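Descriptive analysis of the structure
What follows is the residue order along each chain.
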Amino acid sequence: EPSISVWDSKTMRLVEKLKGHTGFVNSLVKVERTETLILWSGSLADKTLRVWRHRLTSDEPDIAEVKASKAVYEDQCAVLQSALLNSRRQMSAMEATALDVECAAVSQIQLLAEDRETLAMLSESQAEKILRLERELAASRQSEAG
């Protein structure tokens, strides 16, 4: 189960596991304020942004925190959109290259098929010549024997 492990920096002991995401967490932002210690975690896998508050002085969310959370989420979405656009461009270029390679391969196969037909015709011609020569040889031997 995905979770965020909080470790004590002095003792290096696990203090807490923050559970809530269903996919991998790909970003964390620590915000220290006078009244609250906040950790934002974003997951592109489950498409959520979670706000973890410690040492709260109030249970009401601060509008500035909500706006900041929204900004972080929008930044993540912009980065993801850019990466997706890049991937699509790369995929289009790869598809064009694959099409060129496929056309070249089809042309090569056609040339090889033509060469094979030519060789087959030559082989038939050679086989006919061999048969003709064998017949001539047999006839020559018969005439010498007779």
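Our subject is the structure listed above.
Residues numbered from 1 in each chain as written. Predicted model: local features only at pLDDT ≥ 70, side-chain atom pairs only at ≥ 80, totals over all residues. Heavy atoms only, no water.

1. Here's the deal with the overall build of the protein
Our working definition: Numbering of helices and strands runs from the N terminus; a helix is a DSSP stretch of H or I covering at least four residues, while a strand is a stretch of E covering at least two. The contact rule is simple, with two residues in contact once any of their heavy atoms fall within 4.5 Å. Exposure was quantified through the Shrake-Rupley algorithm and a 1.4 Å probe, taking into account, for residues, occlusion by the shown protein chains and nothing else.
Of regular secondary structure, the protein possesses 1 helix and 5 strands. When the helices and strands of the protein are listed from N to C terminus, the series reads β-β-β-β-β-α. Counting contacts in the protein only where the partners sit at least 6 residues apart, residues at least 24 apart contribute 24% of the total. By element, 57% of the accessible surface of the protein is carried by carbon and sulfur atoms, the whole surface being about 11800 Å².

2. Regarding the environment of Ser69
What counts is decided by this rule: In this scheme, a residue with accessible area under 20% of its type's maximum is buried, one over 50% is exposed, and one in between is partly exposed, where area comes from a 1.4 Å probe on protein chains only.
Residue position: Ser69 is located in helix H1 (residues 63–145). Among the residues examined, Ser69 registers a relative accessible area of 7% and is labelled buried. Distance from Ser69 to Val29, taken between C-alpha atoms, is 9.6 Å for residues 40 residues apart in sequence. Those residues in contact with Ser69 that sit more than four places away from it in its chain are Trp40, Leu49 and Val51.

3. Here's the deal with the pairing of strand E1 (residues 3–7)
Counted only if it meets this: The pairing criterion is simple: DSSP has to find at least two bridges between the two strands.
Summarising the sheet, E1 and strand E2 (residues 14–19) pair through 5 bridges and their orientation is antiparallel. Of the residues in E2, the one forming a bridge with Ser5 is Lys17. The antiparallel pairing of E1 with E2 creates a hairpin that spans 6 residues between the two strands, and Met12 there sits at a positive phi of about 60 degrees.

4. Re the environment of Gly23
Its location among the elements puts Gly23 in the loop between E2 and strand E3 (27–32). Sequence separation of Gly23 and Ser3 is 20 residues, and the distance between their C-alpha atoms is 9.0 Å.

5. Overview of the side chain of Ser41
Put simply, the rule is: Nitrogen and oxygen atoms within 3.5 Å of one another constitute a polar contact, given that in protein one can donate a hydrogen and the other can accept it, and given that sequence-neighbouring residues count only through two side-chain atoms.
For Ser41, the location among the structural elements is in strand E4 (residues 37–43). Here the side chain of Ser41 touches His21 through a polar contact of 2.6 Å, side chain to side chain. With residues up to four places along the chain from it excluded, the contact list for Ser41 reads Ile4, His21, Val25, Ser27, Leu28, Thr48, Leu49, Arg50 and Trp52.

6. A closer look at the pattern of salt bridges
For clarity, the cut-off: Definition used for salt bridges: Asp or Glu carboxyl oxygen within 4 Å of a side-chain nitrogen of Lys or Arg.
Overall, the coordinates contain 1 salt bridge when judged by the stated rule. A salt bridge links Arg132 to Glu136; the nearest nitrogen and oxygen atoms lie 3.1 Å apart. Taken as a pair, Arg132 and Glu136 lie in helix H1 at a separation of 4 residues, close to a single helical turn.

7. Considerations on the side chain of Gln76
Mapped onto the fold, Gln76 is located in helix H1. On the accessibility criterion, Gln76 (10% relative accessible area) is buried. Setting aside residues up to four positions removed in sequence, Gln76 forms contacts with Asn26, Ser27, Gly42 and Leu44.

8. A closer look at unusual backbone geometry
Only a minority of non-glycine residues have a phi that is not negative, and only a minority of peptide bonds are not trans. Positive phi outside glycine occurs at Met12, with the angle close to 60 degrees. Relative to the elements of secondary structure, Met12 occurs in the loop between E1 and E2. Phi is positive for Lys47, close to 55 degrees, though the residue is something other than glycine. Take Lys47: it is sitting in the loop between E4 and strand E5 (48–54).

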